[in-house]
Amino acid sequence: IGVLNLMTVRSRLITGDVSSGKEGGVSQPADLNMNAFSIAFFKTSLAAVGPSFSTQKLVQVVNNAKENEPWFLGVATAIALAGNPPAWGANGLYLYLAARFGHMA
């Protein structure tokens, strides 16, 4: 989720779209009043040049990951802690992961 959040910040800096994914589609005053040094620092550290994914799509992917990763970790932990894990356990986790990537695309 951390990398996705950094990609979202990078996209916001490239496109100037600071309202996507915010409540009511409205930018926060702090987003609009960021000083030039901070903007330059983050643009440099995130290599915010060139093409970028849609900011709205990145926000949706982050929200999707926030909702599904705890479930995935819970199921993976349950399978790992099972006294005799099922033979299909690892394949089930791989299938779940593939389905998440497919749903995200």
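Residues numbered from 1 in each chain as written. Predicted model: local features only at pLDDT ≥ 70, side-chain atom pairs only at ≥ 80, totals over all residues. Heavy atoms only, no water.

So, the confidence of the model for the protein chain
Taken as a whole, the protein chain shows an average pLDDT of 84; of its residues, 100% reach a score of 70 or greater. The least confident element of the protein chain is helix 2 (residues 29-32), whose mean pLDDT is 81; the most confident is helix 3 (residues 36-45), at 89. (pLDDT = per-residue confidence, 0-100. Helix = DSSP H or I, 4+ residues; strand = E, 2+ residues; numbered from the N terminus.)

Considering the packing of helix 4 (residues 55-81) against helix 5 (residues 89-104)
If you want to describe how two helices pack, look at the angle between their axes and the distance between the axes. Interhelical geometry of helix 4 versus helix 5 gives an angle of 170° and a closest axis separation of 11 Å. Taken together, helix 4 and helix 5 sit at an angle that is classed as roughly antiparallel. On helix 5, the residues that touch Lys-57, Val-61, Asn-64, Asn-68, Trp-71, Phe-72, Val-75, Ala-76 and Ile-79 of helix 4 are Gly-89, Leu-93, Tyr-96, Arg-100, His-103 and Met-104. For the contact of helix 4 with helix 5, a count of residues per class yields 9 nonpolar, 4 polar and 2 charged. (Axes fitted to C-alpha atoms, helices over the stretch in contact; angles between N-to-C directions. Parallel < 35°, antiparallel > 145°, perpendicular 65-115°, else oblique. Contact = heavy atoms within 4.5 Å. Nonpolar A, V, L, I, M, F, W, Y, C, P; charged D, E, K, R; others polar.)

Some words on the packing of helix 1 (residues 2-15) against helix 4
The interhelical angle for the contact between helix 1 and helix 4, taken along N-to-C directions, is 165°, at an axis separation of 9 Å. It follows from the interaxial angle that helix 1 and helix 4 lie roughly antiparallel. Seen along the crossing, helix 1 lies across helix 4 with a hand that is left-handed. Where helix 1 approaches helix 4, its residues Leu-4, Asn-5, Met-7, Thr-8, Ser-11, Arg-12 and Thr-15 are matched on the opposing element by Thr-55, Leu-58, Val-59, Val-61, Val-62 and Ala-65. Across the contact of helix 1 with helix 4, the residue classes break down as 7 nonpolar, 5 polar and 1 charged. (Left-handed = near helix turned anticlockwise from the far one by under 90°.)

Quick word on the packing of aromatic side chains
Taken as a whole and judged by the stated rule, the model has 2 aromatic pairs. On the basis of an interplanar angle of 75° and a centroid distance of 5.2 Å, the ring pair of Phe-41 and Phe-42 is categorised as edge-to-face. A residue is classified by how much of its surface remains accessible, and Phe-42, at 37% relative accessible area, is partly exposed. On the numbers, 5.6 Å between centres and 10° between planes, the contact of Phe-72 with Tyr-96 is stacked. In this pair, Phe-72 sits in helix 4 while Tyr-96 sits in helix 5, placing the two residues 24 residues apart along the sequence. Classification of Phe-72 as partly exposed rests on a relative accessible area of 25%. (Phe/Tyr/Trp six-rings, centres within 6.5 Å; stacked < 30°, edge-to-face > 60°. Buried < 20%, exposed > 50% of the residue type's maximum accessible area, 1.4 Å probe, protein only.)

Considering the side chain of Asn-64
You can see Asn-64 is positioned in helix 4. Setting aside residues up to four positions removed in sequence, Asn-64 forms contacts with Arg-100 and His-103.

Observations concerning a nonpolar patch on the surface
Residues Met-34, Phe-37, Ile-39, Phe-41 and Phe-42 make up a contiguous nonpolar surface patch of about 490 Å² in total accessible area. Structurally, Met-34 is set in the loop between helix 2 and helix 3. (Patch = residues over 30% accessible without salt bridge, like charges linked within 9 Å, V, L, I, M, F, W, Y side chains within 5 Å. Areas by Shrake-Rupley, 256 points an atom, 1.4 Å probe, with all protein chains shown as cover. Salt bridge = Lys/Arg side-chain N within 4 Å of Asp/Glu carboxyl O.)

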